[in-house]
Amino acid sequence: MKKSLNMLSALLLISFLSFGQQVPADSVFSKFYKATGGKALWDGVKTLNLKRSYTAASAAPYDANVTVSIPDQSISKSKTIMKRSFVYTVKGNEGWIKVPIGQRTDVKDLSQAEQQNMRWEMYELLAPFVDYKNRGLIATTVGIETLNSIPVTQVELQGKGVKYNLYFDSKTGLLQRVRKNLAGVETTTDLSNYAKSAYGISYPTKLVEINSLDKKPVTIVSSATINGQVSPELFRR
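This one's a predicted model, so the numbers in the text were calculated from it and none came from an experiment.

Student: Help me understand helix H2 (residues 25–35), please; the structure alone is not making it clear to me.
Tutor: Residues spaced three or four apart along an α-helix face the same direction, because each turn holds 3.6 residues. Turning to H2, its buried residues number three or more, namely Ala25, Val28, Phe29, Phe32 and Tyr33. Summarising the axial view, the buried residues of H2 lie within an arc of 140°, below the 170-degree limit, and thus occupy one face. Among the residues trailing H2, Gly37 stands out with phi positive, at a value near 135°.

If you want it as structure tokens, here you go:
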């Protein structure tokens, strides 16, 4: 009886220690970088251009071009809806939108909240955890769970006013899901169909996004150009 109790105690202790030994968040991120081309390539990313198409069951489809310049801390996003292009831009501490009105274009300032959202998006288009420490974010490993029958490692990434829950395939290291909480809105994005860019970094070419406001899934198909030339005109007011 005593031997059985000792064995049970040992098993419980092993179980407790195993549960407490979480994989560090930086190790999870490192596995992602390795799986998608290597940290050296990621560290060399300066610009990103994404061509995207958006489709949803209850809305008209539309296209978007998004350009990011990391050194300039700038992002420009052009949405084309029924042949009209709306251009959202954030450069440094400024942000504006260009709205087509007949034969002219009206320029209006973006709100501080809209600007901040685009600054978060600047990195989300790459990976939410890129340079996270210098951006004032804290990463914590939550643990291993199951997502669509696949074991995933969840990492929580939190900063001022924003929180991400990131789900990485425990085997491949690829990011499978991002759950973002910002200004009371939760947005869940499932990532799939990873493809290698000409630059050498792999990225998800298909995303399915749903938020707590609309509650309607949107499918996004992307193609990326990394470190291509960026026209300064994109970031001129």
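Student: Honestly, the pattern of salt bridges in this entry has me stumped. Any pointers?
Tutor: Two side chains of opposite charge can pair, provided their charged atoms sit close to one another. Evaluated as defined, the whole model comprises nine salt bridges. Across the pair Glu124 and Lys180 runs a salt bridge whose closest N-O atoms are separated by 2.7 Å. Of this pair, Glu124 sits in helix H4 (residues 112–124) while Lys180 sits in strand E10 (residues 175–182), placing them 56 residues apart in sequence. By relative accessible area, Lys180 is classed as buried at 12%. In this structure, the salt-bridge partner of Arg236 is Glu233, at a minimum N-O distance of 2.3 Å.

Student: Explain the side chain of Thr205 to me, please; I cannot follow it from the model alone.
Tutor: For Thr205, the position within the fold is in strand E12 (residues 202–211). Owing to a relative accessible area of 16%, Thr205 belongs among the buried residues under this scheme. Residues within four places of Thr205 in sequence aside, it is in contact with Ser192, Asn193, Ala195, Ile220, Val221 and Ser222.

Student: Even after reading the chapter, I still don't get the pairing of E10, so can you show me in this structure?
Tutor: A regular strand places its side chains so that they alternate between the two faces of the sheet. Here seven bridges tie strand E9 (residues 162–169) to E10, and the two strands are oriented antiparallel to one another. Opposite Phe168, over in E10, you have Leu175 as the bridge partner. Linking two consecutive strands that pair antiparallel, namely E9 and E10, is a turn of five residues; a positive phi of about 85° is found at Gly173 within it. With six bridges joining them, E10 and strand E11 (residues 185–196) adopt antiparallel strand pairing. By the bridge assignment for E11, Arg177 is matched with Asp190. The hairpin formed by E10 and E11 contains two residues between the paired strands, and Ala183 there has a positive phi angle of roughly 55°.

Student: It is not clear to me how the confidence of the model for the protein chain should be interpreted in this structure. Could you clarify?
Tutor: In low-pLDDT segments, the atomic positions of the prediction should not be examined closely. Residue-level pLDDT values for the protein chain average 89, and 91% of them are 70 or greater. When the criterion is pLDDT under 50, residues 1–20 qualifies, and its contacts beyond four places in sequence or with other chains add up to zero contacts.

Student: Is there a simple way to think about the packing of aromatic side chains in this case?
Tutor: Think of a pair of aromatic rings as described by two things: how far the centres are apart, and how the planes are tilted against each other in angle. Tallying each qualifying case throughout the model produces eleven aromatic pairs. Between the aromatic rings of Phe129 and Phe168, the centroid separation amounts to 5.6 Å while the plane-to-plane angle is 55°, which identifies the pairing as tilted. With Phe129 in the loop between H4 and strand E7 (138–147) and Phe168 in strand E9, this pair connects stretches of sequence that are 39 residues apart. Across this residue pair, the class does not change: Phe129 and Phe168 are buried. Pairwise contacts between aromatic rings join Phe29, Phe32, Tyr33, Trp42, Phe129, Tyr132 and Phe168 into one cluster. Taking the ring centre of Tyr123 as reference, the NZ or CZ of Arg135 above it sits at 4.0 Å.

Student: How should unusual backbone geometry be read in this particular structure?
Tutor: Residues other than glycine predominantly adopt negative phi, and peptide bonds predominantly adopt the trans conformation. Positive phi is not limited to glycine here, since Asn148 has a value of about 55°. Relative to the elements of secondary structure, Asn148 occurs in the loop between E7 and strand E8 (150–159). A positive phi is found at Asn227, a non-glycine position, where the angle reads about 60°. Within the fold, Asn227 resides in the segment after strand E13 (218–226).

Student: What should I look at first to understand the environment of Lys216 in this one?
Tutor: By the secondary structure assignment, Lys216 is in the loop between E12 and E13. For Lys216, a relative accessible area of 45% translates into the label partly exposed. Spatially, the C-alpha atoms of Lys216 and Ile70 are 31 Å apart, while their sequence positions differ by 146 residues. Residue contacts for Lys216: discarding those within four places in its chain leaves Ser58, Glu209 and Ile210.

The rules behind the values
- Residues numbered from 1 in each chain as written.
- Predicted model: local features only at pLDDT ≥ 70, side-chain atom pairs only at ≥ 80, totals over all residues.
- Heavy atoms only, no water.
- Buried < 20%, exposed > 50% of the residue type's maximum accessible area, 1.4 Å probe, protein only.
- Helix = DSSP H or I, 4+ residues; strand = E, 2+ residues; numbered from the N terminus.
- Arc of directions from axis to C-beta.
- Salt bridge = Lys/Arg side-chain N within 4 Å of Asp/Glu carboxyl O.
- Contact = heavy atoms within 4.5 Å.
- Pairing = 2+ DSSP bridges.
- pLDDT = per-residue confidence, 0-100.
- Phe/Tyr/Trp six-rings, centres within 6.5 Å; stacked < 30°, edge-to-face > 60°.
- Lys NZ or Arg CZ within 6 Å of the ring centre and 35° of its normal.

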